[in-house]
Amino acid sequence: MTNYSINTISENYKMTAFGVSFDDYNDWAGNAAKTAAKKAEITENGKLAELLALADGQEYQINYNLDRKPWRGFGVMGEFNVEGAVVLDFLAGDYLVVPGTGADKDRLADEITGKVFGGLIQEITEYKYVGPGNSTFVKANETGEFYGEMWLRVNKVEKN
């Protein structure tokens, strides 16, 4: 089984991000293209850099349920007023934390996400994912590779 931990966040928090909504959650190719286009747009127009400069500089890939639709974006921890960005609420509670390492910074967040939703979340029977979203960060480690973590809010399953 993949390595994971449970961490408790004691207070609600906010993240500010740019992203896209998906009409069909199962359109993997179409959703990947929309996400890549949004990332390219906010990188080229400087909006992501503006947001990173307001925060601590750490970028997050964020999946969220926004207006009852799946949504994916890129943003930062905290609440900031930037044109075109949305502020997302994350709730206090227990979070499943899944780490990963890799050589490709741009692929690692997707690799961790695939690992979590491709089977790990079904293997963990003592906790259940409750959302409304999750976030993944990636940063360089001291060996020149990259380290990342996905954080998902969960509730402990009550055993009868």
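Residues numbered from 1 in each chain as written. Predicted model: local features only at pLDDT ≥ 70, side-chain atom pairs only at ≥ 80, totals over all residues. Heavy atoms only, no water.

Regarding its fold elements, the chain presents three helices and eight strands. For the chain, the C-alpha radius of gyration of 16 Å lies close to 15 Å, the compact-globule estimate for 160 residues. Considering the chain as a whole, with its 160 residues, one finds that 41% of them fall into the buried category. Intrachain contacts of the chain at a sequence separation of at least 6 include 72% that bridge at least 24 residues. Of the roughly 9,000 Å² that the chain leaves accessible, carbon and sulfur atoms contribute 49%. When the 16 basic and 24 acidic side-chain charges of the chain are each reduced to a single mean position, those positions are 4 Å apart. (Helix = DSSP H or I, 4+ residues; strand = E, 2+ residues; numbered from the N terminus. Rg over C-alpha atoms; globule rule 2.2 N^0.38 Å. Buried < 20%, exposed > 50% of the residue type's maximum accessible area, 1.4 Å probe, protein only. Contact = heavy atoms within 4.5 Å. Areas by Shrake-Rupley, 256 points an atom, 1.4 Å probe, with all protein chains shown as cover. Lys, Arg positive; Asp, Glu negative; His and termini not counted. Charge placed at Lys NZ, Arg CZ, Asp CG, Glu CD.)

Following the sequence through the fold, L48 ends up in helix 2 (residues 47-54). The spatial distance from the C-alpha of L48 to the C-alpha of T125 is 37 Å, given a sequence separation of 77 residues. Contact partners of L48, with chain neighbours within four places excluded, come to F18, K39, I42, T43, E59 and F74.

Compared with the 24 Å implied by 1.5 Å per residue over 17 residues, the 24 Å span of helix 1 (residues 28-44) between its first and last C-alpha is a close match. Turning to helix 1, its buried residues are N31, T35, K38 and I42. Angularly, the buried residues of helix 1 cover 60° about the axis, an arc narrow enough to put them on a single face. Residues of helix 1 that are exposed and point more than 90 degrees away from the buried face comprise A29 and E44. Those residues of helix 1 hidden inside the fold are in contact with strand 2 (13-21), helix 2 and strand 4 (69-77). A positive backbone phi angle near 85° is found at G46, which sits one or two residues after helix 1. (Expected span 1.5 Å × (residues − 1). Arc of directions from axis to C-beta.)

Let's shift gears to the nonpolar core. Ranked by internal contacts, the top residues of the largest apolar core, which has 15 residues, are L96, V98, I112, V116 and L152. Secondary-structure elements contributing two or more residues to this core are strand 6 (93-102), helix 3 (105-123), strand 7 (127-140) and strand 8 (146-156). If near-sequence neighbours (up to four positions away) are discounted, L152 is found in contact with D94, Y95, L96, V116, F117, I121, Y129 and N134. By size, the runner-up hydrophobic cluster in this structure holds 14 residues, among which are M15, L66, F90 and V97. (Core = buried A, V, L, I, M, F, W, Y, C linked by side-chain atoms within 4.5 Å.)

Residues other than glycine predominantly adopt negative phi, and peptide bonds predominantly adopt the trans conformation. Look at the link from G131 to P132: it is a cis peptide, with omega at 15°. Residue position: P132 is located in strand 7. Notably, D67 is not glycine yet its phi reads approximately 55°, a positive angle. For D67, the location among the structural elements is in the loop between strand 3 (60-66) and strand 4. Even without glycine at this site, R68 takes up a positive phi of about 65°.

It is worth stressing that arrangement in space is one thing and function is another; only the former is reported here.
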